[in-house]
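For reference, the chains in residue letters:
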Amino acid sequence: MTERPYVVLSCATSIDGYLDDASEQRLLLSNAADLDRIDAVRAGCDAILVGAGTVRRDDPRLLVRSARRRAARADRGLPASPTRVTLTATGDLDPAGRFFTVGETDRIVYCAAAVVEKTRDRLGALAEVVDAGEPVDPARLLADLAARGVRRLMVEGGANVHRQFLTAGLADELHLVVAPFFVGDCRAPRFVGDGRFPWHPGRRARVAEVRQIGDVVLVRYALSDRCAEG
């Protein structure tokens, strides 16, 4: 599939590969400088995608934080923040969540065919609800986004969504930030989990960039020929 947005996956983990700990409080893996980098990446995208689990657990806003970057987008004739996108197998999302209520951005919910009507009844006044197949097909989702003019998509998780895009070979680059500590708890969520990935010992991903950002390290992996160096 060639007609799809450029897809950037963004993720932060502990040294031992955990996305969070097992407590109810969200674990902070990044730092202020890296969060500013992420904000810059967001500002350069047309849409930001997170899974329904992330919407339920983290109640994210997915907005560009920097006033300067919002103004720069406006100068280019763009909304202050990219379109917000989620995908769901069940449609069980809270319409009062910040994904749906905060910020003046377009919102799209891609859902399994079996729950389209249920999801439209629940969320149709707040977001566009789109049939993404049964089960939800990331390639179909990307084709629909491309038809809407989305050229660059940032995927911010969670683990299952990253796994879906990676195993399907639908990612162009991965931004992996490693925090300088261990979680060491098998009850906590880990990055991606099991799957058949296109990158393996016989086909290694290319490292496009390694950068220290304060006390964390960013490794940018090139996952397609569309990813440039630097």
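Structure's up top.
My aim in this report is to walk through the structure given alongside it, one point at a time. (Residues numbered from 1 in each chain as written. Predicted model: local features only at pLDDT ≥ 70, side-chain atom pairs only at ≥ 80, totals over all residues. Heavy atoms only, no water.)

## As for the side chain of serine 10
Note the following rule: In this description a helix means any DSSP run of H or I spanning at least four residues, a strand means any run of E spanning at least two, and both kinds are numbered starting from the N terminus. Here, two residues are considered to be in contact whenever any of their heavy atoms come within 4.5 Å of each other.
Within the secondary structure, serine 10 sits in strand β1 (residues 6-13). Not counting the four nearest positions on each side in its chain, serine 10 is found in contact with Met154, Val155, Glu156, His162 and His175.

## Here we look at helix α3 (residues 67-75)
For the record, the criterion: Whenever a nitrogen or oxygen atom comes within 3.5 Å of another N or O atom, the pair is scored as a polar contact, on the condition that within protein one atom can donate a hydrogen and the other can accept it, and that pairs from neighbouring residues in sequence are kept only if both atoms are in side chains.
N-cap assignment for α3: the residue whose side-chain oxygen lies 3.3 Å from the backbone N of arginine 68 is serine 66. Phi for glycine 77, located one or two positions after α3, is positive at around 80°.

## Details of the nonpolar core
Our working rule: Residues belong to a common nonpolar core when they are buried Ala, Val, Leu, Ile, Met, Phe, Trp, Tyr or Cys residues joined through side-chain atoms within 4.5 Å. Three exposure classes are used, based on accessible area relative to the maximum for each residue type with a 1.4 Å probe and protein chains only: buried under 20%, partly exposed in between, and exposed over 50%.
In this structure, Leu49, Tyr110 and Phe165 are the most contacted members of the largest nonpolar core, which totals 47 residues. Dropping the residues within four chain positions of it, tyrosine 110 is found in contact with Val85, Thr86, Leu87, Thr88, Val130, Ala132, Leu141, Asp144, Leu145 and Arg148.

## Digging into the sheet that holds strand β8 (residues 206-213)
Our working definition: Criterion used throughout: strands pair if DSSP finds at least two bridges between them. For helices, the fitted axis covers only the stretch in contact; all axes are lines through C-alpha atoms, and the angles between them, taken along N-to-C directions, range from 0 to 180 degrees.
If you walk across this open sheet you meet the nine strands as β5-β4-β3-β2-β6-β1-β7-β9-β8, and the pairing is mixed. Single-partner strands in this sheet number two, and they are β5 (128-131) and β8. Neighbour to neighbour, the strand axes of the sheet diverge by 20° on average, direction disregarded. The pairing of strand β2 (residues 47-51) with strand β3 (residues 83-88) spans five bridges and is classified as parallel. Within the sheet, the bridge partner assigned to isoleucine 48 lies in β3 and is arginine 84. Relative to β1, helix α7 (residues 159-167) is tilted by about 135°, and along the sheet it contacts β1, β2, β3 and β6 (152-155).

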